[in-house]
Every structure is written in C-alpha cells, then in structure tokens.
Amino acid sequence: MPLYMKGLDSKNDQIQAYFSDEDLWDLLFGLGMGASGGGGGYTIGQALVNAIIREIPPYRRVLTPVSQALASDFAVMAGGIGAPSAITPSTITIFAEYAMAAINAYRKDKGVNINALVPVEAGPVNALLALYLGWKYGLKVFDCDGAGRAVPSLTNLVFGYNSYPIAPLYLAGVKSGHPGIVAGEVLPPPRDAAAAEAAIRDNLGQYGNAAGLVCWGQTGEQLRNSPYLIADQFNVLRDLGSKLRNAISVPETIYILRQSPLVDNVYVTRLEAIQTDPRPGYDDGMLVFKDLNTSEQLKIKYENENMLMQAGNKIVTAPNGISMLFQISGGLVPLNNGDDLQQKGLIGAFALVVVLKERCVLYQGEVAGSFLNVLKADPFDYDGPIQPTDCV
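Quick look at the structure, then. Given the structure is predicted, the values throughout are model-derived calculations rather than measurements.

### With respect to the overall build of the protein chain
Next, step 1: Broken down by element type, the protein chain carries nine helices and 18 strands.
Next, step 2: The C-alpha radius of gyration of the protein chain comes to 20 Å, within 12% of the 21 Å expected for a compact globule of 392 residues.
Next, step 3: Principal-axis analysis of the C-alpha atoms gives the protein chain an extent of 60 × 45 × 45 Å.
Next, step 4: Summarising the internal contacts of the protein chain: among those between residues at least 6 apart in sequence, 75% fall at separations of at least 24.
Next, step 5: For the protein chain, the accessible surface area stands at approximately 15100 Å², while carbon and sulfur atoms represent 50% of it.
Next, step 6: Of note, the protein chain has its 29 positive side-chain charges centred 3 Å away from the centre of its 38 negative side-chain charges.

Laid out in structure tokens, this is it:
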C-alpha cells in the first residue's frame, strides 16, 4: 500500500486549488512556518509573491492534486540551487529562467514532453519558485513536494526512495565566456541523490555557483503511485498561514498554534545570540534563546535548516520542524536563517519557537536514516535517536 500522505483534511484531495493574492500571502506565511528555519529567506519569498501577483493572473494560479495526474503527464522536480549570497530578492526570478532552460534542454535531448512540475520542498523559496515557474510558463504544478518542510540535502527528499531515478539531471545558468543561459546534463548520470549532490558540487562552479536544477522525471502514473510522496502540504500550510496572519495578539497566536494538529510544542523566548560557523555554500551556526517561562537556554543548531534543538533536558531533532516567529514592528513574522537575523537587529527580540510534527513517512526506514546521517555529521555530531516521533 502506498505510504503517500494526503493532507490532514482529505476532502480537499480531489479539488484544484486556485490562489488569490491573499491566498499567496497566507501560503508564504505557512511556508515560513513549515520550513524549519530554512528553505530560503522569507524576504526572498516575499519577492516571489510580489512577482506572481504582478505577472500572473489569478485564473492561472492553480495547484493540481496528485490524484489528477494523467498517464500522459510527465513531471520533473525543478528548483534553484546556489550559494546563499547568489540568491537574493532581486535575483530570485532569474532562477525560473534557468530552470526553464534546463527543462527545454531535457525535452530536446530526451524527446520527453515535460508538462508538469513537482516542487522541491515546502520552503519560502523553492516552493514559490516552482509555482512562479509553472504558472508563468504554462506547466501544471502538482500539490506535493519532497519533504513537507525544507531540508539540507537531496538525500532527505522522499523522491529518492521511489522507483524512478534522479537522472537525467540538468543544470542551467550563466557560464563565463558563453552568451545567454547555458543548460546541460550532468554526466555521468548520478545513480542516486548522494551521487547527485557530489556531482552538483563539482559542476556548480561553472555556473557561478547559481543554477536552475531539474531532475527526478516521472510519468503521471508514477507520480500517483509513488510509495513515498507528501501531498496537499501547500493547502495545509496555506490554512495555517491564514489563521496565524489573522491573529491579533501574541496570546491568540499561541492559542492557534497549540490547537493545531501540526504543532508539538510552543516555547516563549527571547533571542540572545547567534553563533555562526560558516562553510562555503551553507548557512551554519547555532541560535541561542532564553525560555521566558523557565529562564533556561534553548539552543538550535542549523545547517541552512534548523535540525537539532536542546531545551533543558529535552532534545528535538529533524525531521521534526523547528520554526521561529519573531516579533518585529508589532507583529510576528516567520523569519529564518536565510534572512540574516543578526543584521536585522533581532538579537534581544521576542520570539516563539515552534516544534512541528511532520508527515509520518519522514520517520520511516531509509527516509528517517537520511536525516540521521545528516545529524551524525558535522556540524551536529548527534548519533540519534530521532525524537520526538509523533507525526501526522
């Protein structure tokens, strides 16, 4: 029996979702919450929402349920990849042009009619980039993604545990000495997600460390029957985002969060320090909060995404989400590690740290093992177990 997870409100599974301007802002807020402190800066997500509203009319902003994938459909995972310094509010829409160039090269080289997309992850940038790309260029966008949250590694995406291969894998971007956008297949074809990550690192420098990425091609039938898939997460996060955006006070926000089946715990804190440990291509470090109820320190270690938290004697690990709502200008905003919190003057800011339950498929077998592999390595050096293990 497939493990693919429908949304918490499964009556919506068969319904195409259209996105008004307000829906897009709700979705962005939900993605900021759902991304576990990563998935690209929230402010970059704001730039993508503004681009969608400016360029794409509402009748074209459609999310298609996985259940409506046709046998004739062929979908690819498409997104952007690059050094954090290369991905900014002013450059983010260029990544859609890069990804479209990669799709066209894939089409031409392989003779495949790519007509649909699956987003990489549920984060402010790669989720909204897939929507912008698909809606702008007339591609279906299916309401599913690789993790239901943002992740630091391709190995954490559930696409890698289905029967279809990650290759062909294409990169596209600007190469020194070449006019326009250049797209090409990564050769030899990577055998799995780990090999793909190594190959991308070896090739990304040719594109100035900023490229569009296309891989994990799959037919509509393969998509529908995927043993591992997370579906309807965007609608779930849009609904959560709507409730939180409409909250008129911090106590009401806390009440909404504690009533949500997605939430495991809420900590009322103040950000005391950010300790950075940068490595090329990553936002690494530790966030130190003070729990205002217990006066204990709450520490979050991150590698782009928040992956490990210690609050007193309690440990929280990925795949559980660890998200943050910061109080700025009188409101609570789900900023993350890609938003340069220190430069924004948020040391000393009031914040809610929210532990989220994720889809049960992430806690099973090889998928759970992929998160443990990240946690065992530098900069976390955590040997398990995954905790807590409640899921939705």
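Text resumes after the structure shown.
### Brief notes about the packing of aromatic side chains
Next, step 1: Under the counting rule described, the total for this entry stands at seven aromatic pairs.
Next, step 2: Ring geometry for Phe159 versus Trp216: centroids 5.7 Å apart, planes at 50°, classification tilted. Linking Phe159 in the loop between strand 6 (144-145) and strand 7 (170-173) with Trp216 in strand 9 (residues 210-219), this pair joins segments that are 57 residues apart in sequence.
Next, step 3: Under the relative-accessibility criterion, Phe159 is labelled buried at 0%.
Next, step 4: Of the residues examined, Trp216 reaches a relative accessible area of 1% and is grouped as buried.
Next, step 5: Through pairs of rings, three or more aromatic residues link up here, namely Phe74, Tyr106 and Tyr170.
Next, step 6: Over the ring of Phe19 we find Arg238; its NZ or CZ atom is 4.5 Å from the centre of that ring.

### Overview of the sheet that holds strand 11 (residues 263-276)
Next, step 1: Strand order in the open sheet formed by eight strands is 15-14-13-12-11-18-16-17, with antiparallel pairing between adjacent strands. Each of the sheet's edge strands pairs with one partner strand only, and the pair in question is strand 15 (314-317) and strand 17 (331-333). Each neighbouring strand pair of the sheet contributes to a mean axis angle of 30°, computed without reference to strand direction.
Next, step 2: Pairing of strand 16 (residues 321-328) with strand 18 (residues 350-356) involves six bridges; the strand directions are antiparallel.

Procedures and definitions
Residues numbered from 1 in each chain as written. Predicted model: local features only at pLDDT ≥ 70, side-chain atom pairs only at ≥ 80, totals over all residues. Heavy atoms only, no water. Helix = DSSP H or I, 4+ residues; strand = E, 2+ residues; numbered from the N terminus. Rg over C-alpha atoms; globule rule 2.2 N^0.38 Å. Contact = heavy atoms within 4.5 Å. Areas by Shrake-Rupley, 256 points an atom, 1.4 Å probe, with all protein chains shown as cover. Lys, Arg positive; Asp, Glu negative; His and termini not counted. Charge placed at Lys NZ, Arg CZ, Asp CG, Glu CD. Phe/Tyr/Trp six-rings, centres within 6.5 Å; stacked < 30°, edge-to-face > 60°. Buried < 20%, exposed > 50% of the residue type's maximum accessible area, 1.4 Å probe, protein only. Lys NZ or Arg CZ within 6 Å of the ring centre and 35° of its normal. Pairing = 2+ DSSP bridges. Axes fitted to C-alpha atoms, helices over the stretch in contact; angles between N-to-C directions.

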